[in-house]
Amino acid sequence: MTDPGRGPAASSTGRRILLLVGSVGAGKGTQAAALSRELGLMHLASGNLFRQALRDGSQLGEQARAYMERGDLVPDEITIGMFMHELSQPAAARGAILDGFPRTVAQAKALDATLAERGEQIERVISIEVPVEELVARVAGRRVCPVCGTPYHVAGDPPRVPGRCDNDGAELQQRDDDRPEVVRARLAKQVMPMLEVLEYYDQKGIVQHVDGRQPIEAVTNEILEGLRAGW
Ligand code: AMP
C-alpha cells in the first residue's frame with residue numbers, strides 16, 4: 001500500500017526527495033522557496049551551492065572553478081558528491097528539493113543509482129512549464145537597482161516612477177544576462193538536455209507537469225495538491 005500522503009515513490013528511509021525542473025524565468029526559485037517552507041524540505045540548488053563553494057574557497061570550489069568560469073558543467077562525480085554531502089546534513093533530515101541537478105540523463109542515472117544504494121529514490125519530479133516566448137518576455141522585463149539591489153519587473157512589479165528605484169531614485173538597469181538575445185541563447189542550450197531528463201523520468205511515471213503560466217500561488221497549490229493526492 002502506498003501512503004497517500006507521500007505519493008507513489010517515497011523512499012524507504014521516509015525522506016522526501018523532490019526534483020524541480022524548469023527553464024530560466026519559469027519561476028523555479030520562487031516555487032522552491034514556497035515548497036521548502038510548506039514541506040520543511042531543504043532547497044538544494046546546484047548553481048548556488050557551487051557559487052557558495054567558490055566564495056568559501058573550499059576544495060569543492062577549487063575543483064569546480066575552472067568549469068564554472070568556462071560555463072561548462074562541472075564533472076558528474078564532483079557534482080553528485082556535493083549533493084550527497086548536502087543530503088547527509090541534519091538540515092536535510094526530512095528531505096530535499098533538488099534544483100539545477102540532474103541536468104543530463106547521465107547525471108540522472110548516476111543520482112538514481114547513488115540514492116538506491118541508500119534505499120532512497122526520487123519521489124516526484126515537478127516540471128514547471130512555460131512557453132519560450134513568455135520566458136523571454138519575463139526575463140527581459142527584469143530590472144535591478146544598481147545601488148540597493150532591489151529587483152523589479154517592468155510589467156509584473158514596476159517601480160512607482162518608470163525606470164527609477166523606489167528606494168533611492170537610481171536608474172534601474174538590465175543585467176546583460178537578461179537581454180532577449182542572451183535569454184534565447186541560454187534557453188536553447190538548456191532545453192534539449194532538460195527535455196531528455198524529463199523523458200527519462202516520465203518513463204518512470206513520476207513527473208508532475210505544471211502549467212507555469214498561472215499566478216505564483218496557483219502553481220504552488222497545484223504542486224502541493226498533486227503531492228497530497230499522491231497523484
Ligand atoms: P546555474 O546558476 O544553475 O546556471 O549554475 C552555474 C554553474 O554551476 C554552471 O555553469 C555549471 O558550471 C555549474 N553547475 C550547476 N548545476 C550543475 C550540474 N547539475 N552539473 C554540473 N555543473 C553544474
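Residues numbered from 1 in each chain as written. Predicted model: local features only at pLDDT ≥ 70, side-chain atom pairs only at ≥ 80, totals over all residues. Heavy atoms only, no water.

As a further point, take the layout of surface pockets. Taken as a whole, the second largest pocket spans an internal volume of roughly 280 Å³. Around the second largest pocket, the lining comprises 13 residues; the ones closest to its centre are Arg-142, Arg-143, Pro-151, Arg-175 and Asp-178. Residue assignment for the lining of the second largest pocket shows that the elements contributing at least two residues are strand S5 (142-144) and strand S6 (151-153). In the lining of the second largest pocket, the residues fall into three nonpolar, three polar and seven charged. (1 Å grid on protein atoms, 1.4 Å probe; cavity = no way out; pocket = protein on both sides within 12 Å on 5 of 7 lines; lining within 4 Å. Points joined across faces, edges and corners; volume = space filled by probe spheres on them. Helix = DSSP H or I, 4+ residues; strand = E, 2+ residues; numbered from the N terminus. Nonpolar A, V, L, I, M, F, W, Y, C, P; charged D, E, K, R; others polar.)

Together, Glu-129, Glu-196, Glu-199 and Asp-202 make up a region of like negative charge exposed at the surface. With three residues, the single largest contributor to the negative patch is helix H7 (residues 180-202). Note on placement: Glu-199 falls in helix H7. Taking the relative accessible area as the measure of exposure, Glu-199 reaches 48% and is therefore partly exposed. (Patch = residues over 30% accessible without salt bridge, like charges linked within 9 Å, V, L, I, M, F, W, Y side chains within 5 Å. Areas by Shrake-Rupley, 256 points an atom, 1.4 Å probe, with all protein chains shown as cover. Salt bridge = Lys/Arg side-chain N within 4 Å of Asp/Glu carboxyl O. Lys, Arg positive; Asp, Glu negative; His and termini not counted. Charge placed at Lys NZ, Arg CZ, Asp CG, Glu CD. Buried < 20%, exposed > 50% of the residue type's maximum accessible area, 1.4 Å probe, protein only.)

This paragraph deals with the side chain of His-153. Along the chain, His-153 turns up in strand S6. Residue classification places His-153 among the buried positions, given a relative accessible area of 18%. At a separation of 2.7 Å, a polar atom in the side chain of His-153 contacts the main-chain carbonyl oxygen of Arg-138. Excluding anything up to four places from it in sequence, His-153 contacts Ala-137, Arg-138, Gly-141, Arg-142 and Pro-158. (Polar contact = N/O pair within 3.5 Å; in protein donor to acceptor, adjacent residues only side chain to side chain. Contact = heavy atoms within 4.5 Å.)

Looking now at the environment of Arg-65. Looking at where Arg-65 falls in the secondary structure, it is placed in helix H3 (residues 59-70). Residue class for Arg-65 comes out partly exposed when judged on its relative accessible area of 27%. Distance in space between the C-alpha atoms of Arg-65 and Arg-175 is 22 Å, their sequence separation being 110 residues.

This next bit is on the site of the ligand. The environment of the ligand is formed by 13 residues, the closest being Ser-46, Arg-51, Asp-72, Arg-103 and Gln-107. One of the backbone N or O atoms of Asp-72 is found 2.6 Å from an oxygen atom in the ligand. Burial of the ligand by the protein chains amounts to 81% of its free accessible area of 470 Å². Of all the elements, helix H2 (residues 46-56) adds the most residues to the shell around the ligand, at four residues. Of the residues contributing to the shell around the ligand, the split by class is five nonpolar, five polar and three charged. (Near = heavy atom within 4 Å.)

The five strands lie next to each other as S2-S3-S1-S4-S7, forming an open sheet whose pairing is parallel. The open sheet has two edge strands with one neighbour each: strand S2 (42-45) and strand S7 (207-211). For this sheet, the mean angle separating the axes of adjacent strands, direction not counted, is 20 degrees. As paired elements, strand S4 (residues 124-129) and S7 share five bridges and run parallel to each other. Its bridge partner lying in S7, Ile-126 is registered against Gln-208. Sheet strands touched by helix H1 (residues 28-39): strand S1 (16-21), S2, strand S3 (95-99) and S4. Its angle to S1, the strand with the most contacts, is close to 165 degrees. (Pairing = 2+ DSSP bridges. Axes fitted to C-alpha atoms, helices over the stretch in contact; angles between N-to-C directions.)

Here the focus is the confidence of the model for the protein. When pLDDT drops low, the exact placement of atoms in the prediction is not to be read closely. Across the protein, the average pLDDT comes to 90, with 94% of residues at 70 or higher. Note that residues 1-8 has pLDDT below 50 and, in this model, 19 contacts with residues that lie over four places away or in other chains. (pLDDT = per-residue confidence, 0-100.)

What follows is about the nonpolar core. By size, the foremost hydrophobic cluster in this structure holds 30 residues, and its most contacted members are Leu-19, Leu-98, Leu-111, Ile-122, Val-125 and Tyr-201. For this core, the secondary structure elements donating two or more residues are S1, H2, helix H4 (76-87), S3, helix H5 (105-117) and H7. For this core, the element with the most residues is H4, which contributes six residues. Beyond its immediate sequence surroundings of up to four residues, Leu-111 is in contact with Leu-19, Ile-80, Met-84, Leu-98, Phe-101, Pro-102, Ile-122 and Tyr-201. Core analysis: the next-biggest nonpolar cluster, separate from the first, contains 22 residues, Leu-18, Val-130, Val-139 and Leu-224 among them. (Core = buried A, V, L, I, M, F, W, Y, C linked by side-chain atoms within 4.5 Å.)

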